[in-house]
Each structure stands twice: as structure tokens, then as C-alpha cells.
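# Chains, contacts and geometry: an overview
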Amino acid sequence: MGLRSPLINVMINAARKAARGLVRDFGEVEALQVSIKGPADFVSAADRKAEEIIREELAAARPKYGFLLEEAGAIDGEDTSNTWVVDPLDGTTNFLHGIPQFSISIALMRDSKSFAGVIYDPIADEMFWAENGDGAFMNGRRIRVGARRNLEDAVVVTGIPHRGRAGKPGYLEQLAAMMEITSGIRRFGSAALDLAWVAAGRFDGYWEGGLRPWDMAAGIIIVQEAGGIVTEVSGGTKMLESGSILAANPDMQENMGEVLRRAKAAK
Ligand code: IPD
Ligand code: CA
Ligand code: CA
């Protein structure tokens, strides 16, 4: 079904509106790289502005829904079963460095489950979306997870813990194990886009720990609707609570999980 539901239209419009400012600001970042203060404050202002636009658009369309916003936090709604989960700029470090790999991520959680998701890469102008039961799409075309069956043919993407993040020793074991067994590993820097690209079959799998709900809530439903499986690395299904995620096509997901768990258990 290429037709977009009213709900998806609301989400896409909010993402597009916020993207205009982000793209303009991204163009400014390069000029700011040379200033002594650097672009960090500028980028956090861009981030907050984008979030504000998204919040206004979504609230105007669905006034009773609550919010979980990366910058502004949780805002209770009258309707307690529907909550928007928003990352206005996923891939901040890339944005700050003038690297054109970042996204806007908007999810609707219904009764604590990812119900609909929109992820927009404004530089490539790629809009990914999915709604429960309706399949996953990119710019109006149906997308599906990759069909490769073996890890030796797979290109997988991950998030490497950086300064201030826990879990580095265990992560290194996982990375080493995946290095041995796959065709290639990538680190692109936007968890939401990593998931969208798994849904589109560009990456065969993705794993990361230490994420927050807004990094993955939209990506989870998009991967699932594209035919993929999403769990925690442990195999559990409390991704939003634990921050651990493992997404891949059904043929590879379990194998990837086994490799990752075995690697960590060995220490
Ligand atoms: C980050 C990105 C990155 C992931 C980090 C996230 P932010 O989000 O998704 O890919 O590795 O864990 O925090 O801070 O750019 O919104
Ligand atoms: Ca994020
Ligand atoms: Ca962010």
C-alpha cells in the first residue's frame, strides 16, 4: 500500500517542516568550524528548534497525545495510550562535524509498542516510514530487509561506544567476533538511519547498546514492517528499557545474536 494514512502524513509533514531549518543550519556549520567557540552551541540550538517545530506540528494534529522528547523530556497527554517519541536530530556528532549522515526520527507508541515510525534523512531526501500492519516504505516505494542468509556475506552496522559510554570491554569482544565472521562492519553514526537502512536491505544487520527510546522507537517498527526481526542482543524484547538492540532479517538475526552473546559470555 503506497497510500499514506492520515497519521503517517502528520508525521511526515512534521519531519519535513523541521528538516528545512536543520538543512539550513547544516550549511552554516562549515563556516562555524573555524570560529574559536566552535559550532556546538549553534548545533544544540538547531536541535532544540527542530524539536519545537515537530512538537507544535504533532500537537496541532493530535492534541491529546503525550510526548517523550529527547530535549524537552516527557510531557503527559490526556490520551495515555498514545505517545510521540521524538529525536529531532539523530547523528549530532556527524552534524557537528559537517558529515551529511543524520536524521529526524518520529515514532508513535501505542500502548507501549512502536505503532508507527518516520525517519527522514534530509540531505539525501530519503523518507522512511511504516505503520503497524501496512508494510514499510522509502519515498513511496515498498522496502524489505535483505535476503542474504549467511553472515559471511553480510555487511552489518553498529554503534561504537564513545567517551562517557559504558560497556567498552564487552563491546570490543562482540566487535572482534563479528569482524571474524562478516564481509564488513560499518559505523555511520545515526542509530535511526542504521535501522532504516536495515529495513531497506542496505545493511544486513545492526547491533548497539546504550541507546535511548528516541534513537530506536521509529526504526523498530520500520524494520519489523520490512520483514525484519528486532530484539535486544540478549534475545529479549525490552529494547526501549534496556537500550540494547539487534535488528536483522529473519535468517540472520538469531545467528548474529548467538555470535554476540557467545563473544560477551567468553569474558
Ligand atoms: C546517537 C546516534 C548514534 C548512536 C548514539 C546515539 P544523537 O544519537 O544515534 O548513532 O551511536 O548512541 O546517542 O546523540 O546523535 O541523537
Ligand atoms: Ca539519537
Ligand atoms: Ca538527538
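Residues numbered from 1 in each chain as written. Chains lettered and ligands numbered in written order. Predicted model: local features only at pLDDT ≥ 70, side-chain atom pairs only at ≥ 80, totals over all residues. Heavy atoms only, no water.

### Some remarks on the coordination of the calcium ion (ligand 3)
For the calcium ion (ligand 3), the full set of protein donor atoms is Glu70 (OE), Asp87 (OD) and Leu89 (O), and the range of their distances to it is 2.2 to 2.4 Å. Between the calcium ion (ligand 3) and the calcium ion (ligand 2) the interatomic distance comes to 3.7 Å, and Asp87 is a ligand of both metals. Residue Glu70 is found in the loop between β1 (65-69) and β2 (73-75), and its partner Asp87 is found in strand β3 (residues 79-90); the two are separated by 17 residues along the sequence. (Donors = N, O, S within 2.8 Å, 3.2 Å for Na, K, Ca; no water. Helix = DSSP H or I, 4+ residues; strand = E, 2+ residues; numbered from the N terminus.)

### Regarding the site of ligand 1
In the vicinity of ligand 1 there are 14 residues, among which Asp90, Gly91, Thr92, Arg165 and Glu208 approach most closely. With respect to ligand 1, the side chain of Arg165 contributes an N or O atom lying 2.8 Å from an oxygen atom. The backbone of Ser190 places a nitrogen or oxygen atom 3.2 Å from an oxygen atom of ligand 1. Computed on the free molecule, ligand 1 has an accessible area of 380 Å², of which 87% lies beneath the protein chains in the complex. Judged by its atoms lying within 2 Å of the grid points, ligand 1 is housed in the largest pocket. Ranked by residue count, the leading element in the shell around ligand 1 is β3, at three residues. Looking at the shell around ligand 1 residue by residue, the classes come out as three nonpolar, four polar and seven charged. Built from parts of two domains, the shell around ligand 1 gets at least three residues from each of domain 1 (6-142) and domain 2 (151-266). (Near = heavy atom within 4 Å. Polar contact = N/O pair within 3.5 Å; in protein donor to acceptor, adjacent residues only side chain to side chain. Areas by Shrake-Rupley, 256 points an atom, 1.4 Å probe, with all protein chains shown as cover. 1 Å grid on protein atoms, 1.4 Å probe; cavity = no way out; pocket = protein on both sides within 12 Å on 5 of 7 lines; lining within 4 Å. Sits in = over half its atoms within 2 Å of the grid points. Nonpolar A, V, L, I, M, F, W, Y, C, P; charged D, E, K, R; others polar. Domains from an automatic or database assignment.)

### Describing the pairing of β3
Relative to β3, β1 is paired through five bridges, and the arrangement is parallel. Along β3, the bridge assignment pairs Phe67 with Trp84. Taken together, the seven bridges between β3 and strand β4 (residues 103-110) define a ladder with antiparallel strand orientation. When the sheet's bridge partners are listed, Thr83 is paired in β4 with Met109. (Pairing = 2+ DSSP bridges.)

### Notes on the domain arrangement of the chain
Here the chain is partitioned into domain 1 (6-142) and domain 2 (151-266). Inter-centroid distance (C-alpha atoms) of domain 1 to domain 2 is 21 Å. Between domain 1 and domain 2, the contact holds 35 residues from the first and 22 residues from the second. When domain 1 packs against domain 2, the two sides together hide about 2100 Å² of surface, and 65% of this comes from carbon and sulfur. Between domain 1 and domain 2 we count one salt bridge in total. (Contact = heavy atoms within 4.5 Å. Buried area = accessible area lost by both parts, 1.4 Å probe. Salt bridge = Lys/Arg side-chain N within 4 Å of Asp/Glu carboxyl O.)

### Considering the pairing of strand β11 (residues 205-208)
Side chains Gly205 and Trp207 project from β11 onto one buried face, and the interleaved Tyr206 and Glu208 project onto a second face that is buried too. Relative to β11, strand β9 (residues 155-158) runs parallel, the two sharing three bridges. By the bridge assignment for β11, Val157 is matched with Tyr206. The pairing of β11 with strand β13 (residues 245-248) spans four bridges and is classified as antiparallel. If you follow Gly205 over to β13, its bridge partner there is Ala248. (Buried < 20%, exposed > 50% of the residue type's maximum accessible area, 1.4 Å probe, protein only.)

### Let's talk about the coordination of the calcium ion (ligand 2)
The protein atoms that coordinate the calcium ion (ligand 2) are Asp87 (OD), Asp90 (OD) and Asp215 (OD), at distances of 2.1 to 2.2 Å. Summarised as a motif, the one-chain spacing of the donors to the calcium ion (ligand 2) is D-x2-D-x124-D. On the basis of relative accessibility, which here comes to 1%, the residue Asp87 falls in the buried class. Judged by relative accessible area, Asp90 falls into the buried class, the value being 6%.

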